[in-house]
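Now for the letters of each chain:
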Amino acid sequence: MPKFKAPGRVNIIGEHTDYNDGFVLPFAIDRYVEVDIKPSNRYVFTSQVMNETVSVKKFQKLGKWTDYIMGVIWVIEQRGYKTEPVEVIVSSNLPIGAGLSSSAALEIATAYGINEIFNLKMDEMQLVEVGVKAEREFVGVRCGVMDQFTAVFAKKDYAIFLDTSNLKYEYVPLNLADLEFALIDSNTKHELSSSEYNKRREECEKVLKMLNKKSFREINYDDLSILDPLLRKRARHVLDENKRVLLAVRALKNSESFLLGNILYESHVSLRDLYEVSCDETDFIVGYVKGEIGILGARMVGGGFGGSVLVLARAGHIDKVFMELEKSYFKMFGKKPSLIKIKSSDGANMVME
Ligand code: GLA
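Computed from a prediction, not measured in an experiment: that's the story for all the values here. (Residues numbered from 1 in each chain as written. Predicted model: local features only at pLDDT ≥ 70, side-chain atom pairs only at ≥ 80, totals over all residues. Heavy atoms only, no water.)

1. Remarks on the site of the ligand
This is how the line gets drawn: Here, proximity means that at least one heavy atom of the residue falls within 4 Å of the molecule or strand. Polar contacts, as counted here, are pairs of nitrogen or oxygen atoms within 3.5 Å of one another; within protein the pair requires one atom able to donate a hydrogen and one able to accept it, and residues that are adjacent in sequence qualify only if both atoms are side-chain atoms. Here, Shrake-Rupley sampling with a 1.4 Å probe gives the accessible areas, and only protein chains in the shown set may cover a residue. Nonpolar residues are Ala, Val, Leu, Ile, Met, Phe, Trp, Tyr, Cys and Pro. Charged residues are Asp, Glu, Lys and Arg, and all others, Gly as well, are polar.
The local shell around the ligand consists of Arg9, Glu15, His16, Asp18, Tyr19, Cys143, Gly144, Met146, Asp147, Tyr197, Gly302 and Gly303. Taking Asp147, its side chain carries an N or O atom lying 2.7 Å from an oxygen atom of the ligand. A distance of 2.5 Å separates an oxygen atom of the ligand from a polar side-chain atom of Tyr197. Here the ligand, which alone exposes 300 Å², has 92% of that area covered by the protein. Its residues assigned to classes, the shell around the ligand comprises 4 nonpolar, 4 polar and 4 charged.

Put into structure tokens, the structure is as follows:
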């Protein structure tokens, strides 16, 4: 019985730029969502993680994990493909709500599965589009393309330098020498994450309207002076963050580790102060690890309002720093963070059993 699996992702840099025609630099991680799909006479979805089975006759938004699966099938049908009811069993070792894009992984694994079992012959780019559309139009989060693109196109040992304005991309080797990336999950997800996400998008659309531009790529720093202070901060983040992606690509190619680390710290400050999508828990983690021996850089990853912090560390240093952090974090917030060791991974594929 074939299963279909898709990975989560971290983004080295380029946060909240993907719906603004900007640059991103993500890589897939070795944590996956796996789905087992077979035709059935009803839609029956089981999540082993949620320990729940949901059975429905027709598509309906339920405001939970099933929306990602139904959304994908709904988009595929809307595109004129013929499918039939399916039974889907979801398993996963990718934490949910950790900013590691478990939703895109579930969408893409489902899209791969439906494509395969009904022999629809959609290509990889179409599968990305299906995932993005499901998230935007069914789930209701007006996401960019980064997560679904990474879940499909990722390559082990490489990051993807993607220009979201034209979807041109380049694989950049993860030349980390004696360094490693690790994640610290704040184990926090603030309720506002999707409403604030959509609000940031609207603010960015307002920026374009006020400046009478079609794309953020046509905007330069001089243009920002006519914006009100809040919109100026948002726009400033996007322009700065795009520059940081270009610098980070160069740093990664030349193994300039200090530079890469500093870029991560700068990005976090910008996400905290200009784009205002971080939170006390992730700010605390970044502030704590900064300056610890062996730590070169850190920042929140993903949409924000909780989730994980990406840390760039010298190999072998993260465990000790984490042990100390864990105590202080517990004192401050009354709960523990989690350390997630990661490796890069390939994009989605079929697993034969
Ligand atoms: C979420 C979205 C992405 C991207 C990030 C922020 O993960 O799904 O498209 O916008 O937030 O960079």
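Structure shown, so let's carry the discussion forward.
2. Details of the domain arrangement of the protein chain
Note on interface size: it is often stated as the accessible area lost on association of the parts. So the rule is basically this: The domain boundaries here were taken from an automatic or database domain assignment. Here a residue-residue contact requires only that any non-hydrogen atoms of the pair lie within 4.5 Å. What counts as buried area is the accessible surface, traced by a 1.4 Å probe, that two parts surrender upon association, with contributions from both included.
By domain assignment, the protein chain separates into domain 1 (2-173 + 346-352) and domain 2 (179-341). Summarising the inter-unit geometry, the C-alpha centres of domain 1 and domain 2 are found 24 Å apart. Across the contact, 39 residues belong to domain 1 and 44 residues belong to domain 2. When the two sides are added together, the surface that domain 1 and domain 2 hide from each other amounts to roughly 3,200 Å², 62% of it contributed by carbon and sulfur.

3. Some points on the layout of surface pockets
Formally: Whether a set of points on the 1 Å grid over the protein atoms alone is a cavity depends on a 1.4 Å probe fitting there but being unable to get out, while an open set qualifies as a pocket with protein on both sides within 12 Å along at least five of seven lines; lining residues are those with an atom within 4 Å of a point. Grid points are joined across faces, edges and corners, and a volume is the space filled by probe spheres set on the points. Going along the chain from the N terminus, every DSSP run of H or I of four or more residues is numbered as a helix, and every run of E of two or more is numbered as a strand.
Considering only enclosed or pocket space, the second largest pocket measures out at about 260 Å³ in volume. Taken together, Phe27, Lys156, Asp157, Leu174, Leu176, Leu179, Glu180, Phe181, Lys341, Ile342, Lys343 and Ser344 make up the lining of the second largest pocket. The dominant element in the lining of the second largest pocket, judged by the number of residues it contributes, is strand β9 (residues 179-189), at 3 residues. Its residues assigned to classes, the lining of the second largest pocket shows 6 nonpolar, 1 polar and 5 charged. Composition of the lining of the second largest pocket by domain shows at least three residues from each of domain 1 (2-173 + 346-352) and domain 2 (179-341).

4. A few points about the pairing of strand β4 (residues 43-47)
To keep it simple, the criterion reads: Throughout this description, buried means an accessible area under 20% of the type-specific maximum (1.4 Å probe, protein chains only), exposed means over 50%, and partly exposed covers the range between. The pairing criterion is simple: DSSP has to find at least two bridges between the two strands.
Of all 5 residues making up β4, 4 are buried, and the element is well covered by its neighbours. Where β4 meets strand β5 (residues 52-56), 5 bridges bridge the pair, whose relative direction is antiparallel. Bridge pairing in β5 links Ser47 to Glu52. The antiparallel pairing of β4 with β5 creates a hairpin that spans 4 residues between the two strands, and Asn51 there sits at a positive phi of about 55 degrees. When β4 meets strand β6 (residues 86-92), the two strands line up parallel, connected through 4 bridges. Residue pairing across strands places Val44 opposite Glu87, the latter belonging to β6.

5. Examining the pattern of salt bridges
Applied cut-off: One speaks of a salt bridge when a side-chain nitrogen belonging to Lys or Arg is within 4 Å of a carboxyl oxygen belonging to Asp or Glu.
For the coordinates displayed, the defined rule picks out 21 salt bridges. We note a salt bridge from Lys3 to Glu34, for which the minimum N-O separation is 3.6 Å. Of this pair, Lys3 sits in strand β1 (residues 3-11) while Glu34 sits in strand β3 (residues 26-39); the two residues are 31 residues apart in sequence, bridging distant segments of the chain. With a relative accessible area of 18%, Lys3 lands in the buried category.

6. Thoughts on the packing of aromatic side chains
Put simply, the rule reads: Aromatic pairing here means that ring centres of Phe, Tyr or Trp (its six-membered ring) are within 6.5 Å. Orientation follows from the plane angle: under 30 degrees is stacked, over 60 is edge-to-face, and everything else is tilted. Put simply, a charge is over a ring when the Lys NZ or the Arg CZ is close to the ring centre, within 6 Å, and near the line of the ring normal, within 35 degrees.
Inspection of every chain in the model, using the stated rule, returns 15 aromatic pairs. For the ring pair Phe23 and Phe161, a centre distance of 5.6 Å and an interplane angle of 50 degrees mean the geometry is tilted. On the criterion of sequence distance, the pair formed by Phe23 in strand β2 (residues 23-24) and Phe161 in strand β7 (residues 158-163) is long-range, its members being 138 residues apart. Aromatic side chains Phe153 and Tyr169 sit 5.5 Å apart centroid to centroid with 45 degrees between the ring planes, which places their arrangement in the tilted category. With a gap of 16 residues between them, Phe153 in helix α4 (residues 146-153) and Tyr169 in strand β8 (residues 168-173) connect regions that are remote in the sequence. Residue class for Tyr169 comes out partly exposed when judged on its relative accessible area of 37%. Between the NZ or CZ atom of Lys155 and the centre of the ring of Tyr158, over which it lies, the distance is 4.9 Å.

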